[in-house]
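Take a look at the letters that make up each chain.
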Amino acid sequence: MKNIFESKPIPNGHSWTITSKLGDILKSAEGKYGERDKTYTILGVEFTTQDSPCIWYPGNRKSIIIQITLNCKQDFDRAIFQVAHEAIHCLSPTGNSTAIVLEEGLATYFSIEYLKENGHINIRSEKKNYREAKNLTEELLKIDPSIIKEIREKCFVISRIDRNLLLETNSKIPENLAQKLTENFDYSLDS
């Protein structure tokens, strides 16, 4: 089993670790959805004993640590899935743990797509509320694949995007979809 933090010399460099993959993941996310807020420093990846991965803002100093679950220790694909999800939250961090449905849906969507695009096994969220948020976001991206990047030029912080801004940005978006995407994500419905 591969240790996700262990790098081995290979021709022209070193093997991928979760830390080097984080750089690639961020580059991909920024390419698709716009630049990240570089006033925040991403310190790296660590394990959490909690049941879910998250980002942590240690010391209230505009620093971010991505925390992944212990079941990623020997599962590189699961670690990449979780880091890719949390990388979306690193694009426009808020300093707290709240998000709208669109942000959690985009994070889930991106993590699945990143795995697919980079030859990793297929992993999907086991939690219904994340799957539903992903499906709503996927519906939005089918209407307008570049809307996230476009709308972030008007409202940089994903979790501050509101219904009216979505509708103003693309009139083909159904009002009920815009409403659902801009509601606060309910973390308590994680079954």
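Residues numbered from 1 in each chain as written. Predicted model: local features only at pLDDT ≥ 70, side-chain atom pairs only at ≥ 80, totals over all residues. Heavy atoms only, no water.

**Examining the nonpolar core**
By size, the foremost hydrophobic cluster in this structure holds 55 residues, and its most contacted members are Ile88, Leu140 and Leu166. The greatest single-element share of this core, amounting to 10 residues, is contributed by helix H2 (residues 76–91). Ignoring sequence-local partners within four residues, the contact set of Leu140 consists of Leu102, Ile147, Ile148, Leu166, Ile173, Leu177 and Leu181. (Core = buried A, V, L, I, M, F, W, Y, C linked by side-chain atoms within 4.5 Å. Buried < 20%, exposed > 50% of the residue type's maximum accessible area, 1.4 Å probe, protein only. Helix = DSSP H or I, 4+ residues; strand = E, 2+ residues; numbered from the N terminus. Contact = heavy atoms within 4.5 Å.)

**Some points on the packing of helix H1 (residues 18–33) against helix H3 (residues 101–117)**
Relative to each other, H1 and H3 sit at 115 degrees, their axes nearing to 11 Å. Crossing angle aside, the handedness with which H1 passes H3 is right-handed. In this structure, H1 contributes Lys21, Asp24, Ile25, Ser28, Ala29, Lys32 and Tyr33 to the contact, and H3 contributes Leu106, Tyr109, Phe110, Tyr114 and Glu117. The residue inventory of the contact of H1 with H3, partitioned by class, reads 7 nonpolar, 1 polar and 4 charged. (Axes fitted to C-alpha atoms, helices over the stretch in contact; angles between N-to-C directions. Left-handed = near helix turned anticlockwise from the far one by under 90°. Nonpolar A, V, L, I, M, F, W, Y, C, P; charged D, E, K, R; others polar.)

**Description of the sheet that holds strand S3 (residues 41–48)**
Judged by pairing direction, the sheet is mixed, and its 3 strands sit side by side in the order S3-S5-S4 without closing on themselves. One side of each edge strand has no neighbouring strand; the edge strands of this open sheet are S3 and strand S4 (54–56). Taking each pair of neighbouring strands and ignoring which way they run, the sheet shows an average axis angle of 30 degrees. Bridge count between S4 and strand S5 (residues 63–69): 3 bridges; the pairing is antiparallel. Looking at S5, one finds that Cys54 is bridged to Gln67. (Pairing = 2+ DSSP bridges.)

**Focus on H2**
Taking 1.5 Å per residue as the helical rise, H2 with its 16 residues ought to reach 22 Å, and the 23 Å between its terminal C-alpha atoms agrees with that figure. Counted residue by residue, H2 has 15 buried out of 16 residues, so it is predominantly covered. (Expected span 1.5 Å × (residues − 1).)

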